[in-house]
Amino acid sequence: MYRPTRLLAAVFVSLVVAPLARADEVAAYLQLHQLKQLLAVYLQDQLADRTGTRRDELLGRLIGIYAELLESTDEPATIADMRRESQRLLGSVSAEVGAQLKLALLRGSYRSAERIAENHRLRQSSDEEVQRARETLSEIIPELHQLRGVIEDRLQATERRLIRTAGGEAEVLSLRAENAQRLLTTCTFVNAWAQYYQSWLHDRPDNARVAELLFAQMLDAGSARPQPREVSVDLRSVEAVARSILGMALCKSLTSSSATAIKWIELLEHPLAYSALREQVPAWKIAIHLEHGEYRAALAILTTVTDAGQTPPVAWVRLAAVHALEANSGTRDVAGELARLALTWLAAQGELQQVLDLSERYGIDALGNAGFAFRYVKGVQHYQRARRDHGSDRPSFEATLIERYQRAVDEFKAALGEHDADRYPRAAASCQWLVGWCRYFQGRFLAARDSFEQAAQRLGPAEAAEAMWMAVVCLDRVASRSSNDALKKNLSELIARTLAAYPGSPHAAKLMLRGAIVNGEISPEVVEDLLLISPDSEVYDAAQRRAAHVLYQLFRRDSGERKLAYGIEYLAVALPFVGDAENRLGGTDPDAVRLYVARSRRVLDVALTEGISRLAAAGSVLDDLRELGRREGVDLSDHQDEIDFRRIQYLLTTADVDEAAVVADALWLRDRHSLWSRLACRALFGHGLGAWRDSDGGRIVQTAELQLVVRYGRRLLKQLAEGSTSQPAAGVLGNYKSVAEALMLLWQRDGDPGKAQAALELYESVLQARPTDAESLRATAILSEAVGRLARAMECWRKLAAGYGVGAPLWYEARFHLITLLAELDPPRARAVIQQYKNLNPSWGPEPWASRFEALDRRIGQAQEAGVPHPTEGGHER
């Protein structure tokens, strides 16, 4: 076994630890990772390069590791190898160092035997292990005795030299004496305990008598056979002295009586006694009474502890159980009562494997054939066997398993109905708890819910919280698979009650999350609760996702500043769940892709909202979606239109209008009837319109901005008009006017008659819905004249003149254009109308119209005198 370990060490060091530069770094690495066997082999290899003090230090460290390994290993071959190797190493060190190292090795062997012995006290060691412990003790006791003599002789020799020496040499000798005394004390202590355990494992007093003499030396009471009263109170706080008192008590239990042993144990009840042992006094008293068959005394101690509301360690209770179950028939009544108390307590604490182990090892005859304890333990046996056969934490619908769980339920219910059930309140509560688990594993979730709720009424706070959690789990299993609103309401109420009663429960986070989902409530309060869940919680991610869902709904539902606030908070929560698709998805699982895309779409919706505009986040998500769409096996076609629209929004916000137009045109060609195509047109139209309107501050309107309005506005109007034969709806008339106005401005810049005609058609559409709209009448009049529809132009000017009172600016403009057109169509009539105007306005009206009217009057007069029609001049405000 040693050689494979050496080979493994060599390979490990060469592959894993070789990059470390120094030997101490390698050793530190192995020590840090608790690779003790490899460390031992490695240190042994280093011995060849060490000399003098450095070699002794390394040997000390190596043997210390061997001692630790001897204490912890159970492999006989490994133990034998390490002992041989240790003995070999001891031959290469000085006598003084050798004594220290040998004691360390013997102590390691002793501790291995001690561990087996104490497990045997609880009947948890095998016969083979007990025999190995006996053999180990038989080997080390003579060696400890011999080593003790060697150390004692060296100590006496050093003390004699010290008496005759002074100066620096005296200081060295004094240190040696102190070290030797320390070794002697440790060796005596280990030897004493080894003698005790050898005596106890062989059930004979001879070694224990030797141990008493050794413990007496540790107590420093001035007597080879001290009495309890002779032990100093001050010394009891010292661990070694306190443990020697315990050793003396256990030896007296073997060599004298339980009463004598108890007197020694009671020394450790003093407030100044070493605290760790003071807390163990009840357990050791129980152990001593049980060794003497004093079950009533042991029962009284255990009952006092449990009645005081204290929770004794499981080891104490098992100790009581095994000895009570091993009792002979003469003490069966009291022992049976102790066994019932111990077994029901173990079961009530959830130590069901302990109960099953004890009942299978000893049977349950000591419990009688009736009563709560008998029924309860039988129920535990049935339950544990069913669990073992089941082998799963999921409910089963297999008839055989259901029947086995039912047997446990029948026994548990019978136990609760026994006349003495009230004597075991903790176990009775556990009984109801186990009924709940049986029902759960049977798939009878509503019945299980009832049992868990009933158990919660009897259990302590921690156990009750767990029972209520299971009640929620059971009801949730039913409600989540049902359309019954009453069940969902009951579940919501149960979650609320559980949270209110046990806010500090380990399941509180899961309950808050489940409650939020079941209730379906969309409110800031729900978000606040979910965001309070700690990052350490197993449901943290799920809670964050639910909070993001609720925040998105709030964002969609609200408006104004609150909408923006919800959107910003949503992004803070949701962004960690999107982005980096390569690492987050790792593959092309359809469900994972679907969830990822859904979250990305919501993030884009919020991030690109005006007033939020988280462009970095939006750009990153768009890039990730693009990369995802390129993966083989991933189809984003169902969402491509929406993704393209979000890209258009992003590009417009970053002022990349040309690229946005390219994406929008592709979207239009792919499906111009798509909602997202319409939204894309609206976005580009709105962007152009916004830039145009912003020019009111004095900036010259760019032709590209007007073209953007015209191009995407006309597409938008076409989409709105398709399928509708009626006049434009009132809500879109503004769009008609904006596109028409942009067309008219472009016509005024480039004189393209096609633009004039297109603008005129749009204005005519507006006038169908609003015949008296002044802006549209004016534009229609100007455009009609431009395309040669003079009658229509006159009609519009006439309506404008009639619609405004005399003296209004637009009235003057309308009258001027009306007379101008009339001069072209009917000169005599024009002469009469302008004379009428002059009579009403002798000074021709305000400027600029006074000059224009006066010039028009001269032209009309000149044309009449010449007998030819006059050309119209300078009439339009362009």
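Up top is the structure.
Presented here is an overview of the structure given in this document. (Residues numbered from 1 in each chain as written. Predicted model: local features only at pLDDT ≥ 70, side-chain atom pairs only at ≥ 80, totals over all residues. Heavy atoms only, no water.)

## Section: helix α24 (residues 508-519)
The periodicity of an α-helix, 3.6 residues per turn, causes residues three or four places apart in sequence to face the same way.
Part 1: For α24, built from twelve residues, the straight-helix expectation of 16 Å at 1.5 Å per residue is met to within 8% by its first-to-last C-alpha distance of 16 Å.
Part 2: On its buried face, α24 sits against α22 (461-479), α23 (485-501), α25 (524-531) and α26 (540-557).
Part 3: One or two residues past the end of α24 sits Gly520, with phi positive at roughly 65°. (Helix = DSSP H or I, 4+ residues; strand = E, 2+ residues; numbered from the N terminus. Expected span 1.5 Å × (residues − 1). Contact = heavy atoms within 4.5 Å.)

## Observations concerning the pattern of salt bridges
Part 1: Scanning the model with the defined rule gives 46 salt bridges in all.
Part 2: Across the salt bridge formed by Glu337 and Arg423, the nearest N and O atoms sit 3.6 Å from each other. Here Glu337 is found in helix α16 (residues 332-348), whereas its partner Arg423 is found in the loop between α19 (399-416) and α20 (425-441), with 86 residues between them in sequence.
Part 3: Glu337 sits in the partly exposed class, given a relative accessible area of 30%.
Part 4: Salt-bridge contacts for Arg404 lead to Asp389; the nearest nitrogen and oxygen are separated by 2.3 Å. With Arg404 in helix α19 and Asp389 in helix α18 (residues 372-390), this pair connects stretches of sequence that are 15 residues apart.
Part 5: Judged by relative accessible area, Arg404 falls into the partly exposed class, the value being 27%. (Salt bridge = Lys/Arg side-chain N within 4 Å of Asp/Glu carboxyl O. Buried < 20%, exposed > 50% of the residue type's maximum accessible area, 1.4 Å probe, protein only.)

## Regarding the packing of aromatic side chains
Note on aromatic pairs: each is described by the distance of the centres and the angle between the planes.
Part 1: Per the counting criterion, the structure on display carries 26 aromatic pairs.
Part 2: Among the aromatic residues, those joined into a ring-pair cluster are Tyr383, Tyr405, Trp433, Trp437, Tyr440, Phe441, Phe445 and Phe452.
Part 3: A cation over an aromatic ring shows up here: Lys563 above the ring of Phe555, its NZ or CZ 4.0 Å from the ring centre. (Phe/Tyr/Trp six-rings, centres within 6.5 Å; stacked < 30°, edge-to-face > 60°. Lys NZ or Arg CZ within 6 Å of the ring centre and 35° of its normal.)

## Examining helix α14 (residues 295-307)
Part 1: Along its 13 residues, α14 runs 18 Å from first to last C-alpha, staying within 8% of the 18 Å computed at 1.5 Å per residue.
Part 2: Of all the positions in α14, only Tyr295, Ala298, Leu299, Ile301, Leu302 and Val305 are classed as buried. The arc enclosing the buried residues of α14, seen along the axis, measures out at 165°, which places them on a common side. Along α14, the residues that are exposed and aim more than 90 degrees away from the buried face are Arg296, Thr304 and Asp307. (Arc of directions from axis to C-beta.)

## A short note on a negative patch on the surface
Part 1: Among the surface-exposed residues, Glu521, Glu525, Glu528 and Asp529 lie close enough to one another that they form a single negatively charged patch.
Part 2: Tracing the chain through its elements places Asp529 in helix α25.
Part 3: Given the relative accessible area of 38%, Asp529 is considered partly exposed. (Patch = residues over 30% accessible without salt bridge, like charges linked within 9 Å, V, L, I, M, F, W, Y side chains within 5 Å. Areas by Shrake-Rupley, 256 points an atom, 1.4 Å probe, with all protein chains shown as cover. Lys, Arg positive; Asp, Glu negative; His and termini not counted. Charge placed at Lys NZ, Arg CZ, Asp CG, Glu CD.)

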